[in-house]
Amino acid sequence: PEGATPTPVATVSQYACQRRTSTENYNKIFTDAFEVLAESYELSEFEGQCLAFRKAASVLKCLPGVVRCLGDIRGLPCLGEHTKSIMEDILQCGRSFEVEKILSDERYQTLKLFTSVFGVGPKTAEKWYRAGLRSFSDILTEPSIHLNRMQQTGFLHYKDISRAVSKAEARALGNIIDEAVHAITPDAVLALTGGFRRGKEFGHDVDFLVTTPELGREKSLLPDIIDRLKQDGILLYCDYQASTFDISKLPSLRFEAMDLFAKCFLILRLKGSKVEGGLNSAAEDHRGWRAVRVDLVSPPMDRYAYALLGWTGSRQFERDLRRFARFERQMRLDNHILYDKTKNEFLAATTEKDIFDHLGLEYIEPWQRNA
Ligand code: DCP
Ligand code: MG
């Protein structure tokens, strides 16, 4: 027979929820480049191109080894001409000129800098950029600029908050929250979510879900936790949003960017001494404490599985779960519900596995959701 038989490639799904993606990324050199392009498109509000690069990065993250030539990615979904040309540059020269051009672009650099402040989104960053501001001192010395409380806190704790949170620090915070929650309600349910539930070593914050077995009892939970953290002298910032979730108003199947559960975005003062194994040395300084971002979300118990699945991430995994539900199953999934549009009914779930089952998906463990 002439020619070589093409190596059979196990098919990789276009949906992240049908792939297993650990925290091990063998193709960081490509995915970092794609992330720069995605961010740049995001800042210019080219949503399509932004998502295309995020999808491409996500596909590369599930590969079991390094891509050494374009042949290695033959047959993979979500990799178009543009992504391939970037990869070709990196394979040939070790870098991409298009990415380097973005990285040295003043607008990109400035918007990245400004949005790295807690409380500063792309719109505010753009406004400041257009006003000719280029640095933090430009902002802080410009008399016409009024910073809201969130942004003031963001600048105040900038160094701490922009430094990654370690697993040991996440564990220490987990203990603090656990103690506060159980002092208030002994039978409360507390779960770590976000990147640390997926097994990541570092994160930008620590995310928790907290609720009570008894429906309705969770309503006073977050305010009580907040009071306690305040009394303990470790609450540096708190933005509490009461629940606007109303099950009797379902089905309201319009798109929600965020969920409607009670939640609070906190900055806590974490002391760095009593942690098992000690904190990493970079996290310790002369003060003996650091500021850390913590998110608490409090769904009613009957919404627990949907909220846990929604807050565990990754963002790409969540996007693709919803996309899969919609386009492959005619269902609607969000942090509150799973709704079958063909049968016109809500599908009940008490565990994440129930939701995967309803969707006809193989169960993917949290640490395999790093898409
Ligand atoms: N989430 C989401 N869409 C958003 C915000 C959050 O789907 N707009 C979900 C998925 C995230 C999870 O909530 O994984 C937690 O949000 P984080 O921003 O804290 O993301 P991670 O915890 O995954 O990453 P990091 O390590 O940066 O905290
Ligand atoms: Mg997080």
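Residues numbered from 1 in each chain as written. Chains lettered and ligands numbered in written order. Predicted model: local features only at pLDDT ≥ 70, side-chain atom pairs only at ≥ 80, totals over all residues. Heavy atoms only, no water.

**Let's talk about the site of ligand 1**
Taken together, 15 residues lie near ligand 1, and Gly195, Lys200, His204, Asp205 and Arg315 sit nearest. Between ligand 1 and the protein, one listed contact pairs an oxygen atom with a backbone N or O atom of Gly195 at 2.8 Å. Within the side chain of Asp207, an N or O atom sits 3.0 Å from an oxygen atom of ligand 1. When isolated, ligand 1 has an accessible area of 550 Å², and the protein chains bury 78% of it. Only helix H11 (194-197), helix H13 (304-312) and helix H14 (315-329) provide two or more residues apiece to the shell around ligand 1. For the shell around ligand 1, the element with the most residues is H13, which contributes three residues. (Near = heavy atom within 4 Å. Polar contact = N/O pair within 3.5 Å; in protein donor to acceptor, adjacent residues only side chain to side chain. Areas by Shrake-Rupley, 256 points an atom, 1.4 Å probe, with all protein chains shown as cover. Helix = DSSP H or I, 4+ residues; strand = E, 2+ residues; numbered from the N terminus.)

**Details of the domain arrangement of the protein**
Under the domain assignment, the protein is made up of domain 1 (16-102), domain 2 (106-156), domain 3 (165-305) and domain 4 (307-368). With centres defined by C-alpha atoms, the gap from domain 1 to domain 3 works out at 33 Å. (Domains from an automatic or database assignment.)

**A look at empty space enclosed by the protein**
Here the structure, examined in full by the defined rule, presents two cavities of 30 Å³ or more. In this model, the second largest cavity occupies a volume close to 30 Å³. What lines the second largest cavity is Tyr306, Leu309, Gly310, Glu318, Leu321, Arg322, Leu333, Asp334 and Asn335. Contributing elements (two or more residues each) for the lining of the second largest cavity: H13 and H14. Each residue belonging to the lining of the second largest cavity can be placed in one class, and the counts come to four nonpolar, two polar and three charged. (1 Å grid on protein atoms, 1.4 Å probe; cavity = no way out; pocket = protein on both sides within 12 Å on 5 of 7 lines; lining within 4 Å. Points joined across faces, edges and corners; volume = space filled by probe spheres on them. Nonpolar A, V, L, I, M, F, W, Y, C, P; charged D, E, K, R; others polar.)

**Some words on the packing of aromatic side chains**
The description of an aromatic ring pair uses the distance of the two centres, along with the angle that the planes make with each other. Enumeration over the complete set of coordinates arrives at eleven aromatic pairs. Considering the side-chain rings of Phe34 and Phe53, the 5.6 Å spacing of their centres and the 65 degrees angle between planes classify their relative orientation as edge-to-face. With Phe34 in helix H1 (residues 28-43) and Phe53 in helix H2 (residues 47-61), the pair connects residues that are 19 residues apart, well separated along the chain. A centroid spacing of 5.8 Å and a plane angle of 75 degrees characterise the contact between Phe114 and Trp128, whose relative ring orientation is edge-to-face. Highlighted residues: Phe114 in helix H5 (residues 106-115) and Trp128 in helix H6 (residues 122-130), separated in sequence by 14 residues. Residue Phe114 is classed as buried on the basis of its relative accessible area, which comes to 0%. A network of ring pairs unites the aromatic residues Phe34, Tyr41, Phe46 and Phe53 as a single cluster. Across from the ring centre of Tyr129, 3.8 Å away, lies the NZ or CZ of Arg134, which sits over that ring. Against the face of Trp289 rests Arg287, its NZ or CZ located 4.4 Å from the ring centre. (Phe/Tyr/Trp six-rings, centres within 6.5 Å; stacked < 30°, edge-to-face > 60°. Buried < 20%, exposed > 50% of the residue type's maximum accessible area, 1.4 Å probe, protein only. Lys NZ or Arg CZ within 6 Å of the ring centre and 35° of its normal.)

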